There are 2 protein chains.
Amino acid sequence: MKRDSRLSGVLHVLLHMAEQSGPQTSETLARAMDTNPVVIRRVMAGLREQGFVHSEKGHGGGWTIVCDLETVRLRDIYEALGRPEILAMGNRTDAPGCLVEQAVNAALGQAFDDAEALLLRRFGEITLAQLSADFHARLTERGGAITPETSHAA
Amino acid sequence: MKRDSRLSGVLHVLLHMAEQSGPQTSETLARAMDTNPVVIRRVMAGLREQGFVHSEKGHGGGWTIVCDLETVRLRDIYEALGRPEILAMGNRTDAPGCLVEQAVNAALGQAFDDAEALLLRRFGEITLAQLSADFHARLTERGGAITPETSHAA
DNA sequence: TGATCACGTATCATATAAAGTTACATGAAA
DNA sequence: TTTCATGTAACTTTATATGATACGTGATCA
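Bear in mind the structure is a predicted one, so any value in this text is a computation, not a measurement. Throughout this description, residue numbers start from 1 for each chain and increase along the sequence as written. Both sets of labels track the order of writing: A upward for chains, 1 upward for ligands. Note on the predicted model: pLDDT of at least 70 is required for a residue's local features to be given, and 80 or more for side-chain atom pairs to be given and counted; whole-chain, interface and lining totals, by contrast, use all residues. Only hydrogens and water are set aside; all other atoms, that is, all heavy atoms of the structure, feed into the side-chain values.

K.L.:
It is not clear to me how the overall build of chain A should be interpreted in this structure. Could you clarify?
P.N.:
Along chain A, the regular secondary structure elements total 6 helices and 2 strands. Numbering goes from the N terminus for both helices and strands, where a helix is a DSSP run of H or I of at least four residues and a strand is a run of E of at least two. Going from the N terminus to the C terminus, chain A shows its helices and strands as α-α-α-β-β-α-α-α. It is over C-alpha atoms that the radius of gyration is taken, and the globule rule equals 2.2 Å times the number of residues to the power 0.38. Over its C-alpha trace chain A gives a radius of gyration of 19 Å, far above what one expects of a compact globule, namely 15 Å for 154 residues. Dimensions of chain A, computed from the C-alpha atoms along their principal axes, are close to 60 × 40 × 30 Å. Residue burial is assigned from relative accessible area. The probe radius is 1.4 Å, only protein chains are included, and a residue is buried under 20% of its type maximum, exposed over 50%, and partly exposed in between. Residues classed as buried in chain A amount to 48% of the 154 residues present. Contacts are assigned to residue pairs with any non-hydrogen atoms lying within 4.5 Å of each other. The contacts in chain A between residues at least 6 apart in sequence include a share of 64% that link residues at least 24 apart. Averaging the coordinates of the 16 positive side-chain charges in chain A and doing the same for the 20 negative ones gives two points 4 Å apart. Only four residue types enter the tally: Lys and Arg on the positive side, Asp and Glu on the negative side, with His and both chain ends excluded. Charge placement uses NZ in Lys and CZ in Arg. For Asp and Glu, CG and CD serve respectively.

K.L.:
Sorry, what's going on with the relation of the copies chain A and chain B here?
P.N.:
Taken together, a rotation about one axis and a shift along it account for how the two chain copies relate. For the pair chain A and chain B, the relating rotation is 180°, the translation along its axis is 0.0 Å, and the fit reaches an RMSD of 0.0 Å. Here the transformation between the copies is reduced to the relation of a two-fold axis. A shared interface surface links the copies, since 100% of the contact residues of chain A are contact residues in chain B too. Alignment of the copies relies on least squares applied to C-alpha atoms, considering only residues that score at least 70 for pLDDT in both.

K.L.:
Looking at this model, I keep getting lost on the interface of chain A and chain B. Mind explaining?
P.N.:
In many reports, interface size means the accessible area that the parts give up when they come together. Facing the 54 residues of chain A at the interface are 54 residues of chain B. Using a 1.4 Å probe, buried area is obtained as the accessible area two parts lose upon being combined, added over both of them. Summing both partners gives a buried area of about 5,000 Å² for chain A against chain B, and 67% of it is carried by carbon and sulfur. Salt bridge, as used here, is a side-chain nitrogen of Lys or Arg placed within 4 Å of a carboxyl oxygen of Asp or Glu. The tally of links between chain A and chain B comes to 6 salt bridges. Close ionic contact of glutamate 85 of chain B with arginine 3 of chain A constitutes a salt bridge, the shortest N to O distance being 3.4 Å. Nitrogen and oxygen atoms within 3.5 Å of one another constitute a polar contact, given that in protein one can donate a hydrogen and the other can accept it, and given that sequence-neighbouring residues count only through two side-chain atoms. Run the count over chain A and chain B and you get 19 residue pairs in polar contact (both at pLDDT 80 or more). Among the secondary structure elements, those contributing two or more residues to the side of chain A that touches chain B are helix 1 (6-19), helix 4 (74-80), helix 5 (99-125) and helix 6 (128-141) of chain A. No other element matches helix 5 of chain A, which puts 19 residues into the side of chain A that touches chain B. Classification convention: Asp, Glu, Lys, Arg as charged; Ala, Val, Leu, Ile, Met, Phe, Trp, Tyr, Cys, Pro as nonpolar; all other residues, Gly among them, as polar. Here the residues of the side of chain A that touches chain B are counted per class, giving 29 nonpolar, 13 polar and 12 charged.

K.L.:
I keep staring at the pattern of salt bridges and nothing clicks. Help me out?
P.N.:
Two side chains bearing opposite charge may form a pair once their charged atoms approach each other closely. Per the stated rule, a full pass over the model turns up 20 salt bridges over all chains. Here arginine 6 of chain A ties to aspartate 4 of chain A by a salt bridge, and the two come within 2.9 Å at their closest N and O atoms. Given a relative accessible area of 38%, arginine 6 of chain A falls into the partly exposed group. One continuous salt-bridge network, built from bridges that share partners, spans Arg3 of chain A together with Glu85 and Glu116 of chain B.

K.L.:
For this particular structure, what's the right way to read helix 3 (residues 37-49) of chain A?
P.N.:
An α-helical segment advances 3.6 residues per turn. Residues three or four places apart therefore align on the same side. Residue and element names in this part refer to chain A. Compared with an ideal rise of 1.5 Å per residue, which puts 13 residues at 18 Å, helix 3 spans 18 Å between its outermost C-alpha atoms and is within 8% of the ideal. Of all bends in helix 3, the biggest is about 30°, found at valine 43. Within helix 3 the residues assigned to the buried category are Pro37, Ile40, Val43, Met44, Ala45, Gly46 and Leu47. Close packing links the buried residues of helix 3 with helix 1, helix 2 (26-33), strand 1 (53-56), strand 2 (62-65) and helix 4. Capping of helix 3 at its N-terminal end is provided by asparagine 36; its side-chain oxygen lies 2.9 Å from the backbone amide nitrogen of valine 38. Trailing helix 3 by a residue or two, glycine 51 shows a phi angle of about 80°, which is positive. A helix is expected to reach a length of 1.5 Å times the quantity of its residues less one. What is called the bend at a residue is the angle between a pair of axes, fitted to the seven residues leading up to and ending at it and to the seven starting from it.

Written out as structure tokens, the structure is:
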């Protein structure tokens, strides 16, 4: 399978929502993301449970971001997604009887753990507000608005 | 699919080979690894091309380790395997036009790159000799030989 | 020389998980 | 009560590691 892009995708969605005043439908978000509304609802479900977003049914319904961009970090979003697998590699066996494999596992496992820990630490250092600020900086640098806040089809 | 365990597996095989004087057949190694001979040949192919192991056909044939355990590092083995994917996560799109996604990609990409770099650095710090030494330390600590150098079925 | 052994490799099957899709129930607003 | 939008289940698709079968090649041994 291709690399898991749920975190990337859901952050994209969140920042778009942050630029909008009213609720955004899964349909609208899906178009901007070039995907399916059900996929949007699927990844948003975890965020809703954690109270980062709110969803409303019926006319005028859709998704709204209801968290503080300054305090919510990528790490929080990652966890709301259900802490997806970070590494594509792993040890063959978890608790092998073979001493050779134990030695291999110890060395590899340490390296794997370090890499995972670093990634999670980075995620813990970045707030949604920082991402939003970076987006606005890029918008300014590009020299004004091409489309209001994105380059997606309106 | 489950996490890629080729590096873990091939290191296991290599250390076993290092404990043996003569060539080991794919059949024998596969039994120790609880897998299929073809899988062994498959992962060993890259190591053979890099000159880390040698294979011989016919009677008395099999696999022999022909590299210097002191100088070959996990990083070398990783690369001989064809540099398998390290992270299970990634950005949705590589070069998005959307500025929001560019901001997301920049932040996530940096974190991903850092984690990958750390893992590769760790791999570059560990020699096969170190793994072998750790194995022998475990063997001593266990208090002598249960089976000569492993706990696999002979 | 011929039988056997072991690798080299193509091919197909299996398993897993994300992503895409369809279908339908639920609830809210017009 | 009709329409809209979410909530979810179920199925399909896709990608990739792994497992397994089959057969060719070359080397050794009787």
